[in-house]
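Working through the structure, step by step
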Amino acid sequence: MVILGGAAADDASSGAEGVMDTANAVFVELVERGLLDADEYARMMIPTWNRTLEEFLAPVRAEPLVRDLSVEEHSLVALPDILLEEYHATRDVEHFAGRVTGFFEAAFGPSLFSVLSPGGRSPEALTELMAEFRTRLAARVAADPGAVGTHWHVVLLRIVRR
């Protein structure tokens, strides 16, 4: 069996701290400008837990799995940032900012924006808020492409039956 999973380094980093910090700065700015309610911001979250390599290995090294399974290979890998590499090759900062922003919205937007209170806003106002977030995130990414570099950590395991 081969397992590939999003992971954390031993220091709990995911490899995406830069883009997450940048997006968080946009949300803080939206709160400061009164465009996002502080209580909505406080409820925003991305419901994931990136396990360390040891956390991935622990179940197969303990009873009852250790009797039947053997970990033949394991590694923690930091993936290259293909979007940043593309930017360095093309120097097209607007394209890069659009790609990073689009990725962030697709991967994390549904979770983050699900806490927005529809009762207090019209559907149009919600759409405008999300567009404002997108615009501000793209501007921050374009202003400092290196700050949002990501080297996602993944764990690779090869497990065999004894």
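Reading the values: the criteria
Residues numbered from 1 in each chain as written. Predicted model: local features only at pLDDT ≥ 70, side-chain atom pairs only at ≥ 80, totals over all residues. Heavy atoms only, no water. Helix = DSSP H or I, 4+ residues; strand = E, 2+ residues; numbered from the N terminus. Contact = heavy atoms within 4.5 Å. Pairing = 2+ DSSP bridges. Axes fitted to C-alpha atoms, helices over the stretch in contact; angles between N-to-C directions. Expected span 1.5 Å × (residues − 1). Buried < 20%, exposed > 50% of the residue type's maximum accessible area, 1.4 Å probe, protein only. Arc of directions from axis to C-beta.

Quick look at the side chain of Thr150
Residue placement: Thr150 occurs in the loop between helix H7 (123-143) and strand E3 (153-161). Residues in contact with Thr150, not counting those within four places in the same chain, are Gly15, Ala16, Val19, Leu79, Pro80 and Asp81.

A few points about the sheet that holds strand E2 (residues 69-78)
Taking strand neighbours across the sheet as the criterion, the three strands line up as E1-E3-E2 in an open arrangement whose pairing is antiparallel. The open sheet has two edge strands with one neighbour each: strand E1 (2-6) and E2. Neighbour-to-neighbour, the strand axes of the sheet open up by a mean angle of 15°, direction not taken into account. Here E1 runs beside E3; their pairing, made up of five bridges, is antiparallel. Looking across to E3, one finds that Gly6 is bridged to Val154.

Topic: helix H1 (residues 17-32)
Taking 1.5 Å as the rise per residue, H1 with 16 residues should run 22 Å; its terminal C-alpha atoms sit 22 Å apart, in good agreement. If you check which residues of H1 are buried, you get Val19, Thr22, Ala23, Val26, Phe27, Glu29 and Leu30. Projected onto a plane normal to the axis of H1, the buried residues spread over an arc of 160° and lie on a single side. Facing away from the buried side of H1 by over 90 degrees, the exposed positions are Asp21 and Glu32. Each element contacted by the buried residues of H1 is listed here: helix H2 (38-43), helix H6 (93-113) and H7. Backbone geometry just after H1 places Gly34 at a positive phi near 75°.

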